[in-house]
4 protein chains.
Amino acid sequence: MYSQRVKLSGHIIDSFTLPRTLDEIMDQGGDLEFEEMKVGKHKTDPSSAIIRITTEDEITLNRILDNIQEYGANILDEEEVVLKESQKDKTVPENFYSTTNYDTSIKFDGEWIPIENIEMDCVLTVDTENKKAMCKPLNNIKKGEKIVVGGQGVKVRPLERVRGKNIFEFMNSEASSEKPTQSIIHKVATQMLETKAKGGKVLVVGGPAVIHTGCSEVLASLIREGYVNKLYAGNALATHDIENALLGTSLGVNMDDGSLVVSGHKHHLMAINTINKAGSIKDAVEQGVLTKGIMYECVKNEVPYVLAGSIRDDGPLPDVITDSQIAQQKMREGLEDVDMVIMIATLLHSVATGNLMPARIKSVCVDMSPASVTKLSDRGSAQVISIVTDIGSFLPMLREELARLEE
Amino acid sequence: MYSQRVKLSGHIIDSFTLPRTLDEIMDQGGDLEFEEMKVGKHKTDPSSAIIRITTEDEITLNRILDNIQEYGANILDEEEVVLKESQKDKTVPENFYSTTNYDTSIKFDGEWIPIENIEMDCVLTVDTENKKAMCKPLNNIKKGEKIVVGGQGVKVRPLERVRGKNIFEFMNSEASSEKPTQSIIHKVATQMLETKAKGGKVLVVGGPAVIHTGCSEVLASLIREGYVNKLYAGNALATHDIENALLGTSLGVNMDDGSLVVSGHKHHLMAINTINKAGSIKDAVEQGVLTKGIMYECVKNEVPYVLAGSIRDDGPLPDVITDSQIAQQKMREGLEDVDMVIMIATLLHSVATGNLMPARIKSVCVDMSPASVTKLSDRGSAQVISIVTDIGSFLPMLREELARLEE
Amino acid sequence: MYSQRVKLSGHIIDSFTLPRTLDEIMDQGGDLEFEEMKVGKHKTDPSSAIIRITTEDEITLNRILDNIQEYGANILDEEEVVLKESQKDKTVPENFYSTTNYDTSIKFDGEWIPIENIEMDCVLTVDTENKKAMCKPLNNIKKGEKIVVGGQGVKVRPLERVRGKNIFEFMNSEASSEKPTQSIIHKVATQMLETKAKGGKVLVVGGPAVIHTGCSEVLASLIREGYVNKLYAGNALATHDIENALLGTSLGVNMDDGSLVVSGHKHHLMAINTINKAGSIKDAVEQGVLTKGIMYECVKNEVPYVLAGSIRDDGPLPDVITDSQIAQQKMREGLEDVDMVIMIATLLHSVATGNLMPARIKSVCVDMSPASVTKLSDRGSAQVISIVTDIGSFLPMLREELARLEE
Amino acid sequence: MYSQRVKLSGHIIDSFTLPRTLDEIMDQGGDLEFEEMKVGKHKTDPSSAIIRITTEDEITLNRILDNIQEYGANILDEEEVVLKESQKDKTVPENFYSTTNYDTSIKFDGEWIPIENIEMDCVLTVDTENKKAMCKPLNNIKKGEKIVVGGQGVKVRPLERVRGKNIFEFMNSEASSEKPTQSIIHKVATQMLETKAKGGKVLVVGGPAVIHTGCSEVLASLIREGYVNKLYAGNALATHDIENALLGTSLGVNMDDGSLVVSGHKHHLMAINTINKAGSIKDAVEQGVLTKGIMYECVKNEVPYVLAGSIRDDGPLPDVITDSQIAQQKMREGLEDVDMVIMIATLLHSVATGNLMPARIKSVCVDMSPASVTKLSDRGSAQVISIVTDIGSFLPMLREELARLEE
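Residues numbered from 1 in each chain as written. Chains lettered and ligands numbered in written order. Predicted model: local features only at pLDDT ≥ 70, side-chain atom pairs only at ≥ 80, totals over all residues. Heavy atoms only, no water.

Visitor: Sorry, what's going on with the overall build of chain A here?
Guide: A count of helical and extended segments in chain A gives 13 helices and 19 strands. A burial count over chain A gives 60% of its 407 residues as buried. In chain A, once contacts between residues fewer than 6 apart in sequence are set aside, the share between residues at least 24 apart is 66%. When the accessible surface of chain A is split by element, carbon and sulfur atoms take 46% of a total near 15300 Å². (Helix = DSSP H or I, 4+ residues; strand = E, 2+ residues; numbered from the N terminus. Buried < 20%, exposed > 50% of the residue type's maximum accessible area, 1.4 Å probe, protein only. Contact = heavy atoms within 4.5 Å. Areas by Shrake-Rupley, 256 points an atom, 1.4 Å probe, with all protein chains shown as cover.)

Here it is, written out as structure tokens:
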């Protein structure tokens, strides 16, 4: 018989850490015994439990330990991580440890080393000399790196559901369009102001619907006024924003009255052509060619942006990073100092950003389609708050609410 | 060979009357010859065409004539309608004429008699003594009534697409969430004010999402201020509006902050219980039990409402008409003096109202789901303008725009 | 200080009974102490816990007890239910107990009396003389009936998540179209055969899309072969089924090749006209007018059906029950001997049926739209399995799978 | 006054070429006069019209000519194209001609030169020495190239709606899930067999839902049996196909019974790791590591594939082209000999492929979400047939239908 003790601590009951752990053990056919169970009697008291797991074979035991670690159950008898060398670039040993996006640390050489910039679906490597542990995407692994295998010596601390005070709390449920819109916008605005007050950074990840729904100027003003400090988008948002700035249309639709404009179908190409002539978006701003809009404000206010290319791009604009791995790496690096993310109307860029983000970043996903926001949670970014609403009204109402709260 | 001349007139080209007619003739294997074709050279000039249709058999000819009449092609040699008696209540002769929702008149006894209150999927009956023609649902037909059969002697005038001036024009395209929201709301508000200025009536058809999204007070104020003059809804809208007025929740969700309220799942039953105790909604208002909200404003401002029951109702409230045929008839009668309809977040009531409406009524359907608004057009109410947006922001933004325009 | 002991038993950990209970207590600001906690070590062992709840005031204590009862936490010191008389037809005392759809019993006169035909959002009344307890919709209450108030003396047993064996288990998660379709259909077929083998009854609740997607004959054959034993639908399913049987079309679309048929827009009226002439669907079958299709097979095989009317009906057919409350009552009664429900492509009828059903009935909801199946769970019918798929392929594949399994 | 004569010919009435042209002229405030109008009396007879357009200023005239050319109205007095040199790489003169995806030719040096590989949203350049005209994306333009400006000398022939015979005809309408599924699948199968019989090539563009819905083996068999001759996809389809081949799961879900597999969340990384170790997909096949599935069959049957990278990729696999512009160019080249495209469950790759395709290619887009297929048409690929159905049943039913037809 194989056996191991694990400890759960924190808000293990209302965060479902405990029940999920017990569930997993029983699903795998393991036996369990409570050696200790302390339930916090008050809101602020954490609980803890020590459970002995017993199985008939080692494989099952390891499976269980591997899986319950994700819920925050950590092996009690603090053994060290097991490391194995990579035999070839971009490859890892079979039994590699695959990361979650929760705070993670490893026990190495007698110490708990926290992982910086944790990201899901990556692997952990250890610089044994400098006692540093890193989270890396598979394809960044070099031959000879020391890779964490199995779950031993890895401690994961899932996000705890905070009670009461958290303004985001109530929304952390399923996507639905049948919720009080104004009340939700109030909460997002409050969180933005809180982040700003702390000197934190807000990233907007946006799709072209921001422009199509007539909100180019609104997002531009949020950038100008310092509410938005970074921008991730694709060629389409930038192109239609510039089309709107230069020609007053988005995909050829007049933004003032929604009418189709003559020859409007080539307006986006005209926008790209203009920027190509200038050299880059920044050049166009400096030459006085581009004088308003989202991209203009980014340049003027030194708000960094990553424009990631895709196979459906026309052009693309010279500022677009066409290699998806380079763009991903830029996005990854840019996330390091971000405290809040607002994803608007783009499934591709939202899922991409969600994949790269540690769970600690407050994030909101706004889309018209419940399917889109659901997809984001399905892909593992469970901590993202979903708001199903019309972009064309969300952004103006958000700006108004911010102004109201700032008064 | 069988032959018949038809005449098309009006804006037959840009309204697609002409091409659809030619298309139909050719699809049925008929031959055609242009006897006359006048194309209006200016915007305001109508065009006209006289076409001779020839087929090999009479059935095909009749089929063609039957179908192209819907597009507005009328038989030139003005023959009279053919009438046949109903042999039994709720039944009509096999070859009955089935109505569209466009302006229709019939030639009887040498005169063109217009049909009042035209409605799609009905039959035409003629009171031969008083020379009156009526549009009736199948199940209202009594044995002995004289029913119009075939398409002969029936003239249909489809809605023409008005150029330029019509504020609704641009929106008359497919449902999409990627349109400039603020510009669309401006147009709806303008049309409402225009209707009000002419002394016309605006009907709102609403679903419970109006309340769930926190807009009870907004719609209540539109009623109070005279922008909304009638209301069609179901038990759910009324119940949750009253729940909100009495308890501050909708389906147990606190409308101030979106949180779930303790025991909230029984709030809607408490609302119904309260009204049942009072006797009716009106009684509850008069007894001072119900003091705000949509239903309260309807009672206070003598805005008529039809609450139609359905099989999913809890309760229902005493004011709900549980028989669907009686409710349908009330809705039909109520539409007679309506000039504009705004349908909000209810597929069932919107389709029902759409079915009963003549095409001349300006109508707008607002829903979060493109599928819902599309379904409405698929069911024959093609003239309805579709707006895909969040109810929770549409109503507040509409009220603001109305206020802005009234200044 | 106010205090009460509650007991939880069964699979309280993996069914989330325990954590939800603790959560609720803490959310309300109550204190708690574990007096006993037994965790079953093996899959089949139930667990139990006795918890003492302490609050500062009686209202909070009652709130907590009221809410945690829904999760299956029952007051330990078994007090009797409190009864209060209704003062007026269709009304109940303020503090009435509102039902869930889980197995429920009440303690009255020293005994636990189970409630038959439990249904959510109803009230409990007790026939004190005969010691019988009933679940009734609010509007069926008569003045003088004795109504259960508060949660005292009421015991609720939520459905437990069964481990391993249950064929439905894995699907009991969120609606998604990205699941292995063939594997899901296999499970539904297996459950149908199991139900049939036990002599149980399968109810189909269907919308007109069954016909529009070309599956009239498939559902007809399932009825003929005894796989489907009851049918709930509206006027539309029956009308289009009959249209299809008589004229080969559904809403005027040719079911053989999907083409639009000439004059097809009036086919559904022709179908209703034909049945009106015959007298009823049954009469039409007996007169040899209706010779195939779903409704034909219902008549021939004595499969009972409820056709519930709605305000969007044309006609309706003479067999349609136009009063929604009468239809609801028929549906309620018909559910008493049903063991499995398959809801197909109808939000209205599915939600209505879901509202009337005890949680114990195995139920499956099949729809193309994730929003529709989600709506069903949101409305409280959480135990319903959601399948997001195309009706037009679901039914043929289900029939094939049934045939394959029967071999 | 400015004036120009245009000629329309072909099926100008039922293809809406004529009415759209007249509409445009009038919308722009132009005057028009019919100089000639011949209407084909029989199905097979084309019609023609010569129209003189008069405007008050040259700009309006050019606008009109520019726009109606898209509908197929060509300037009668056959002037030559106007060419202007590009002043800088990736830029074109302001008044550049922007392409449609319809058959296009230009008049140069007295001759009509057809454009090969026409593609929408590109520009036309002329090699004046060799009298060759090419369609190029903006960013491929080199300084000094001669660019077509304005619409003069450009002739566009839109797709004509073919009457009767075309098996695709009926489906060419709006996306809806309420259509006879089996009949639609029959038509797609017939078109595939027709293409195969002519020696044509069928391209499948697929997303990962093909694997998630359990259809890996089905698509693999269609490749093996020669029904599918090319594949465009992303990293996800290939990764999950390989995950399925190696481990029997897709995103960690067991494809046999839909259950979640232990440690399944890292299966896709294990799949990528395995291929990285082998070197490439082809290497993995040759080394006997990968022995079944879609990618395996592509390698074995020499079916070319393009795997285009995106920013949300894990890995990616070594075969993935991470630069979106290089991938786009590969896709463009691969389309040259393709006759039919089936797009399955991928918005990104479908829109990308749609953008690159001439309108002549028969194409079908299959998706569960009506919004996705609608988006494709909105982006200009109007000729694509939309099928809203469940992937998990579409592919098995398609294979069965192909087998049935081949018998």
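Moving on from the coordinates now.
Visitor: Help me understand the sheet that holds strand S7 (residues 111-114) of chain C in this model?
Guide: One key point about sheets: their strands pair by backbone hydrogen bonds, in either a parallel or an antiparallel sense. Residues and elements named next belong to chain C. Read across the open sheet, the 3 strands follow the order S7-S6-S11; overall the sheet is antiparallel. The two strands at the open ends of the sheet, each matched to only one other strand, are S7 and strand S11 (154-157). Averaged over all neighbouring strand pairs, the angle between strand axes comes to 30 degrees, with direction disregarded. (Pairing = 2+ DSSP bridges. Axes fitted to C-alpha atoms, helices over the stretch in contact; angles between N-to-C directions.)

Visitor: How should I be thinking about the pattern of salt bridges in this particular structure?
Guide: Two side chains bearing opposite charge may form a pair once their charged atoms approach each other closely. The full count for this structure, using the stated rule, is 46 salt bridges over all chains. Residue Lys230(D) pairs with Asp337(D) through a salt bridge whose shortest N-O separation is 2.8 Å. Here the residue Lys230(D) occupies a position in strand S13 (residues 230-234), and Asp337(D) occupies one in the loop between helix H10 (324-334) and strand S17 (340-344), the gap between them amounting to 107 residues. Since its relative accessible area comes to 9%, Lys230(D) is described here as buried. Given the relative accessible area of 35%, Asp337(D) is considered partly exposed. Several salt bridges share partner residues, and in doing so they unite Asp109(A), Glu111(A) and Lys131(A) into one network. (Salt bridge = Lys/Arg side-chain N within 4 Å of Asp/Glu carboxyl O.)

Visitor: Mind showing me how you'd approach the packing of helix H1 (residues 17-27) of chain D against helix H2 (residues 58-71) of chain D here?
Guide: Angle between the axes and distance between the axes are the two parameters that describe a pair of packed helices. All names here are of chain D. Packing of H1 against H2 brings their axes to within 9 Å, and their N-to-C directions diverge by 165 degrees. The orientation of H1 relative to H2 falls into the category roughly antiparallel. Between H1 and H2 the crossing geometry is right-handed. Two secondary-structure elements touch here, H1 through Thr 17, Arg 20, Thr 21, Glu 24 and Ile 25 and H2 through Ile 64, Asn 67, Ile 68 and Tyr 71. Per-class residue counts for the contact of H1 with H2 are 4 nonpolar, 3 polar and 2 charged. (Parallel < 35°, antiparallel > 145°, perpendicular 65-115°, else oblique. Left-handed = near helix turned anticlockwise from the far one by under 90°. Nonpolar A, V, L, I, M, F, W, Y, C, P; charged D, E, K, R; others polar.)

Visitor: Could you clarify how one ought to interpret the relation of the copies chain A and chain D in this entry?
Guide: Both copies of the chain are related through a single rotation about an axis accompanied by a shift along the same axis. Mapping chain A onto chain D calls for a screw motion: a turn of 180 degrees about the axis and a shift of 0.0 Å along it, with 0.0 Å RMSD after fitting. This pairing of chains is accounted for by a two-fold axis. Minimal C-alpha separation from the rotation axis in chain A is found for Asp323(A), amounting to 2.0 Å. Of the interface residues in chain A, 100% have counterparts in chain D that sit at the interface too, so the contact is made through matching surfaces. (Least-squares fit on C-alpha atoms with pLDDT ≥ 70 in both.)

Visitor: I keep staring at the side chain of Asn139(C) and nothing clicks. Help me out?
Guide: Within the secondary structure, Asn139(C) sits in the loop between strand S9 (132-136) and strand S10 (146-149). With a relative accessible area of 13%, Asn139(C) lands in the buried category. Within polar-contact distance, the side chain of Asn139(C) engages the side chain of Asn276(B) at 3.1 Å. Among residues more than four places away in sequence, those in contact with Asn139(C) are Ile272(B), Asn276(B), Gly315(B), Pro316(B) and Lys90(C). (Polar contact = N/O pair within 3.5 Å; in protein donor to acceptor, adjacent residues only side chain to side chain.)

Visitor: I tried to follow the interface of chain A and chain D on my own but got confused; where do I start?
Guide: For an interface, size is often stated in terms of accessible area lost upon the parts coming together. Facing the 55 residues of chain A at the interface are 57 residues of chain D. Summed over both partners, the interface of chain A with chain D comes to about 5000 Å²; 50% of that surface belongs to carbon and sulfur atoms. Taken together, the connections running from chain A to chain D amount to 2 salt bridges. At the junction of chain A and chain D, the tally comes to 30 residue pairs in polar contact (both at pLDDT 80 or more). Contributing elements (two or more residues each) for the side of chain A that touches chain D: helix H2 (58-71), helix H7 (267-278), helix H10 (324-334) and helix H11 (347-356) of chain A. Looking at the side of chain A that touches chain D element by element, the count peaks at 8 residues for H7(A). (Buried area = accessible area lost by both parts, 1.4 Å probe.)

These figures capture arrangement, not role.
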